[in-house]
Amino acid sequence: MNRRKMLSLLGISPALLAGATVDASSKNPKTAARVAPAKITALNPKGLPPPVQLVPMAPRLASLDGKTIFLVSDGFPGADHFLAQVALWFQKNMPSVKTEYRLKAGAFADDDPKLNAEIKASGNAVIMAIGH
Amino acid sequence: MGFPTAPLVTIAFKDLAKSNAASRGMPLERICFTPHPVWGKTDAEMYAYLEGNDPVTGKPLMKEITDALTLPLTADEKKTGSVDISTGPPTYTDTADALQQYYLDNGMTDFMQIVLPTDERLAAMLKGTSHKPDEIVGKMSPARGSYPDWQFTVKHVAINAVMAGAKPEYLPTILAIAETGLTSLSSSTNSFATAAVINGPIRDTLNMNYGIGAMGPFSQPNAAIGRAWTMLSRNLSNSGIPGQTYLGTLGNSVNYNNLIIAENEKNSPWTPLSVQKGFKQDENVVSVFVGFSISQGQGGIGLGVKPVPQYHEAIAYNCIPFGPLFGALIVCDPLVAQGLVELGYKTKEQLADWLQKNSLISAKNARSTLFAGRWVPDANTPDDALIPYYRSPDWYNFVVVGGQTNPYHMVGNMSYRVSISIDKWA
Amino acid sequence: MPHLRITFTPHPVATKTADELRAYVEGNDPVSGKPMMKEIVDDLTVPLNAEETKTGMVNVSVGPENYGPDTPRNLQQFYHDNGMTDFLPIILPTEEMVDEMLAGTSHRPDEVVGKMAAGAYPPWGYTVKQVAINAVMAGCKPEYFPTILAIASSGTPSLFSSTNSFAYAAVINGPIRDKLNMNYGIGALGPFAQPNAAIGRAWTLLSKNLGNGGVPGDTYMGSQGNNLNYNNLVIAENEGASPWVPFHAQKGFKAEENVVSLFRGLGIVPGQGARGTSTDTPKYEEQFSDLFSVFTGFFGGLVVADPLIAVNLKARGYDTKEKLIEWLYKNTTQTVKDYKSRDFAYGFDYPRALKGLEPYATWYNMKDDEVIPRWPHMNDINIVVAGGQTNAFFQGGSLSYGVSVSIDRWT
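Residues numbered from 1 in each chain as written. Chains lettered and ligands numbered in written order. Predicted model: local features only at pLDDT ≥ 70, side-chain atom pairs only at ≥ 80, totals over all residues. Heavy atoms only, no water.

**Thoughts on the overall build of chain C**
(1) Moving on: Check the secondary structure of chain C and you find 15 helices and eleven strands.
(2) Moving on: Its C-alpha atoms give chain C principal-axis dimensions of about 75 × 65 × 35 Å.
(3) Moving on: Looking at chain C residue by residue over its 411 residues, the buried ones come to 58%.
(4) Moving on: Within chain C, contacts between residues at least 6 apart in sequence are counted, and of these 77% link residues at least 24 apart.
(5) Moving on: Summed over its atoms, the accessible surface of chain C is roughly 16,100 Å², and 55% of this surface lies on carbon and sulfur atoms. (Helix = DSSP H or I, 4+ residues; strand = E, 2+ residues; numbered from the N terminus. Buried < 20%, exposed > 50% of the residue type's maximum accessible area, 1.4 Å probe, protein only. Contact = heavy atoms within 4.5 Å. Areas by Shrake-Rupley, 256 points an atom, 1.4 Å probe, with all protein chains shown as cover.)

What follows is the structure, encoded as structure tokens:
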């Protein structure tokens, strides 16, 4: 039975106070204090990240005039309203730009191949609202 | 995708967006930032964002967006090829105190004292398994699909086990947890918690606690195994970097040591969880869960009913705040399990059946919760229709643990993910 | 009374039928094997022996003042095996380290800080030096020491004897949060900052060693235990991002004072499952109410809200935390029938009702279908703002406010 369990069973108000100190180093504290602490070598705990394949960015458009921009939301709350304001901005400031709102299917990080195909077929660029 | 894209992200996710783009191969992706949040703002407020500046660059936002789509690519932006990610040197040398601070300052710990992983300690830890140090254990990421998976070996897991204060005999259990690939530090803004249920004779071999104080700080294997899970989640999958791979807005205190639950098999009237998942009773198994954490069931409806408390009603009641993203993990003291048997629930499955049939929510209420689409996918379902919380009873899982000082239970909105053999890693 | 004549019954007594209880009474004491009723009668009638009539003082030793010399590894195991840790690696408290910790306060090492008991036990007293030893073990830096001393001076243990497995929270307010570099942003409640982690951990270590708490089966009876006891809920309020008055100022302290406020209860859980989470115009007060609607009212309601929620609520008219608390109190209700069917009501409130204490006396006289508040008093509800504003989330806890203690006093 350990010491604390024994004390508990006795259930008596202690006269002494708890806690303890440890003398883990040399018997002569003065000697120990003068010696610099030893150096040790410890291991890197990290795992194996995969190498990153650089993905070249798509060439840019010469200008947005007359182009179709897909405004895509990843589904986070408020994205639809926000992109509606982006569409409104284009209407007011760059009326020759056509905008199309779409909600990407699937979870936040999922690709939406159907949408990608649609954009490729009938769009020129994407503004994507990404959130959570 | 093949067409010029201007990603828009709020400034709250600046670090995340940039590091994510880099880790996916587009370090120079032309990301534009808006103020935060967008959710909850009025149309006028959102339009004002558009007419204002990107809070990161200070440049007018809409010009930045149109430039992102039209300015020609620079030489750097056209680069291709592969880039290795370095995790730093294989060892660090300094005094013990300086090393402690180094590990802490570089995000390799849970911000508490570790056991410094020297070669000697690693060698001792590796004796806890027959597997070779270079053997790949598995892969893990802060959120599958959103971040790249990192891989890790037996040696990597062992180093983290040393750091957490584990003994070599705990290593097979820790390897099994690592193999699940479930990070204890999900990147989500939700601040998820994780649980690991241990079954089999190993609970007694390791002297795990499944009695009084089972889920608390009362036993070395419970504490160290739980801590090792978070340690390895950080270091082996790159989880837990605030703002980059960890976005939990409030954080979760359970993440320090996770919910390590050794099932109290000998005092349970029911089948152990591992056996329900297809293992034999004498196999050593770890089963992992993720979700919103657990809460105590005291105060539940029906618990004060005499002479026999209505435990099943209390459990159903306590699960009312659950959402559809995760299932239900019910953690019963053996006294509650025995009481439920006396109420007629001879098996966990019978109780799951009853709970599934009798836990209903109005479509209206379901629609206003997070991830409502999963709950009420059909817009035509009338608001007052009552739908079950869960489509099938197997969304409910039960584990029996506790020291029988009182008939208490806990409930968690948590889902079962997978069970892994610990014996495999012996 | 080490020789107190105790008779044991089988366990449990609660939930047993009258027949089963009669069988207990007619059977044997499971510890001594003797017939129970004979044992009880003997206990009351057999004359006291010499040992039982002894009087005087008995000193209790907690062991030698130090251990060793031995290897650090053996010493670590010694501390674990003798229940002096949370079973995770500690910093071995050498004289040198304790001296460094003591430099974190102007108070003398032998000054009595307070006393603590983990329930209905004789309290243990402790000095500044004793607290320092435990702070070293937990991995604290000397600058954390005044906060640890403040917690220790409250006499509130983080490990309580109850079968309930209580959880504890410490809310920190004042400029010290920034001085210590505490985390009140992303991951505030989790393992992301040394002061948060070490201060929380120190509370549990000193509860074990200075308050004699946490001895399973003796001073700790929590049937299932609580994971939150490892580091406790250390919550540095995000005062800068909060639109409201900080918690300590609500309790009468000045904003520039450094204060720690302690809570006790059942735990805390994220509120993302609450009704009303997923709308374009969320009403957060309704989400709080929804989450709390199934919690017991026996402990208070503590809301820990991200600043995004606080800012939104203020903009919608909840100028102060008090306004929000008033709304919550009025709108989080239960029927009398439901109230009466809960275990806490029967076990604790009913005896109070019998004594005429309010509101219990009135509640127990009401009809089953009448509606009453979730909590007995409005000030059972408290609100703290913390978080990194990555999303408008909150956590809700069945946690009651206990006491606020000045940290400055212990510098």
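**Remarks on the interface of chain A and chain B**
(1) Moving on: Each side of the interface is counted separately: chain A has 54 residues, and chain B has 82 residues.
(2) Moving on: Of the roughly 6,000 Å² buried between chain A and chain B, counting both surfaces, carbon and sulfur atoms make up 69%.
(3) Moving on: When the buried area of chain A at its contact with chain B is split by residue, Leu-43, Met-57 and Arg-60 of chain A rank highest and sum to 13% of it.
(4) Moving on: At the junction of chain A with chain B, the criterion picks out zero salt bridges.
(5) Moving on: Between the two partners, chain A and chain B, sit 21 residue pairs in polar contact (both at pLDDT 80 or more).
(6) Moving on: For the side of chain A that touches chain B, the elements supplying multiple residues, two or more each, are strand S2 (39-43), strand S3 (52-54), helix H3 (79-93), helix H4 (113-122) and strand S6 (125-130) of chain A.
(7) Moving on: A total of nine residues in the side of chain A that touches chain B trace back to one element, the largest contributor, which is H3 of chain A.
(8) Moving on: Of the residues assigned to the side of chain A that touches chain B, the class counts are 37 nonpolar, twelve polar and five charged. (Buried area = accessible area lost by both parts, 1.4 Å probe. Salt bridge = Lys/Arg side-chain N within 4 Å of Asp/Glu carboxyl O. Polar contact = N/O pair within 3.5 Å; in protein donor to acceptor, adjacent residues only side chain to side chain. Nonpolar A, V, L, I, M, F, W, Y, C, P; charged D, E, K, R; others polar.)

**Observations regarding empty space enclosed by the protein**
(1) Moving on: Overall, the coordinates contain seven cavities of 30 Å³ or more when judged by the stated rule.
(2) Moving on: Taken as a whole, the largest cavity spans an internal volume of roughly 260 Å³.
(3) Moving on: Surrounding the largest cavity, 25 residues form its lining, Ser-295 and Pro-321 of chain B together with Val-269, Leu-291 and Phe-295 of chain C being those nearest its centre.
(4) Moving on: Secondary-structure elements contributing two or more residues to the lining of the largest cavity are strand S9 (285-296) and strand S14 (409-421) of chain B together with strand S6 (259-270) and strand S11 (394-406) of chain C.
(5) Moving on: Residues that form the lining of the largest cavity fall into these classes: twelve nonpolar, 13 polar and no charged. (1 Å grid on protein atoms, 1.4 Å probe; cavity = no way out; pocket = protein on both sides within 12 Å on 5 of 7 lines; lining within 4 Å. Points joined across faces, edges and corners; volume = space filled by probe spheres on them.)

**A word on a nonpolar patch on the surface**
(1) Moving on: A cluster of nonpolar side chains, namely Met-1, Leu-4, Ile-6, Phe-8 and Val-31 of chain C, defines an oily patch on the protein surface of about 570 Å² accessible area.
(2) Moving on: Here Leu-4 of chain C shows up in the segment before helix H1 (18-26). (Patch = residues over 30% accessible without salt bridge, like charges linked within 9 Å, V, L, I, M, F, W, Y side chains within 5 Å.)

**Quick notes on the sheet that holds S11 of chain C**
Hydrogen bonds between backbone atoms are what pair the strands of a sheet, whose relative direction is either parallel or antiparallel.
All names here are of chain C.
(1) Moving on: Taken in spatial order, the six strands line up as S5-S4-S6-S11-S7-S10 in an open sheet, and their pairing is mixed. Looking along the sheet, the strands with just one partner apiece sit at the ends: strand S5 (233-236) and strand S10 (381-385). Adjacent strand axes in the sheet meet at a mean angle of 35 degrees, parallel and antiparallel pairs treated alike.
(2) Moving on: Here strand S4 (residues 167-173) pairs with S5 via four bridges, running parallel. Bridge pairing links Ile-172 to Ala-236 in S5.
(3) Moving on: Relative to the sheet, helix H10 (residues 284-292) contacts S6, strand S7 (301-305) and S11, its axis offset from that of S11 by approximately 90 degrees.
(4) Moving on: Contacts between helix H12 (residues 321-331) and the sheet are confined to S7 and S10, with S10 contributing the most and set at about 135 degrees to the helix. (Pairing = 2+ DSSP bridges. Axes fitted to C-alpha atoms, helices over the stretch in contact; angles between N-to-C directions.)

**Quick word on the side chain of Thr-296 of chain C**
(1) Moving on: Within the secondary structure layout, Thr-296 of chain C lies in the loop between H10 and S7.
(2) Moving on: A polar contact of 3.0 Å, which involves the side chain of Thr-296 of chain C, links it to the backbone nitrogen of Phe-298 of chain C.
(3) Moving on: In contact with Thr-296 of chain C, other than residues within four places in its own chain, are Gln-298 and Gly-299 of chain B together with Leu-266, Phe-344, Arg-374, Trp-375 and Ser-398 of chain C.

**Remarks on the interface of chain B and chain C**
(1) Moving on: Each partner contributes to the interface: chain B provides 96 residues, whereas chain C provides 85 residues.
(2) Moving on: Roughly 7,400 Å² is buried in total at the junction of chain B and chain C, and carbon and sulfur atoms are behind 58% of that figure.
(3) Moving on: Taken together, the links from chain B to chain C amount to zero salt bridges.
(4) Moving on: Counting every contact that joins chain B to chain C gives 48 residue pairs in polar contact (both at pLDDT 80 or more).

**A few points about a negative patch on the surface**
(1) Moving on: On the surface, Asp-97 of chain B together with Glu-96, Asp-99 and Glu-100 of chain C cluster together into a patch of negative charge.
(2) Moving on: At three residues, the largest contribution of residues to the negative patch is made by helix H4 (residues 95-102) of chain C.
(3) Moving on: By secondary structure assignment, the location of Glu-100 of chain C is in helix H4. (Lys, Arg positive; Asp, Glu negative; His and termini not counted. Charge placed at Lys NZ, Arg CZ, Asp CG, Glu CD.)

**Points about the environment of Lys-129 of chain C**
Residues and elements named next belong to chain C.
(1) Moving on: The residue Lys-129 is located in helix H5 (residues 128-138) in this model.
(2) Moving on: Residue classification places Lys-129 among the partly exposed residues on the basis of a relative accessible area of 21%.
(3) Moving on: Counting along the chain gives 31 residues from Lys-129 to Val-98, while the straight-line C-alpha distance between them is 7.5 Å.

**Focus on the domain arrangement of chain B**
Residues and elements named next belong to chain B.
(1) Moving on: Partitioning chain B into domains gives domain 1 (8-70) and domain 2 (96-425).
(2) Moving on: Placing a centre on the C-alpha atoms of domain 1 and another on those of domain 2 gives a separation of 37 Å.
(3) Moving on: With seven residues of domain 1 at the interface, the matching set in domain 2 holds eight residues.
(4) Moving on: In this structure, the connection of domain 1 to domain 2 is made through zero salt bridges. (Domains from an automatic or database assignment.)

**Some points on the pattern of salt bridges**
(1) Moving on: Evaluation of the coordinates by the stated rule reveals 25 salt bridges over all chains.
(2) Moving on: One salt bridge in this structure joins Arg-203 of chain B and Glu-265 of chain B, with 3.3 Å as the shortest N-O distance. On the criterion of sequence distance, the pair formed by Arg-203 of chain B in helix H8 (residues 202-205) and Glu-265 of chain B in the loop between strand S8 (259-262) and helix H10 (273-276) is long-range, its members being 62 residues apart. You'll find Arg-203 of chain B and Glu-265 of chain B in the same group, each marked buried.
(3) Moving on: With a shortest N-O distance of 3.3 Å, Lys-323 of chain C and Asp-319 of chain C are connected by a salt bridge.
(4) Moving on: Under the relative-accessibility criterion, Asp-319 of chain C is labelled partly exposed at 41%.

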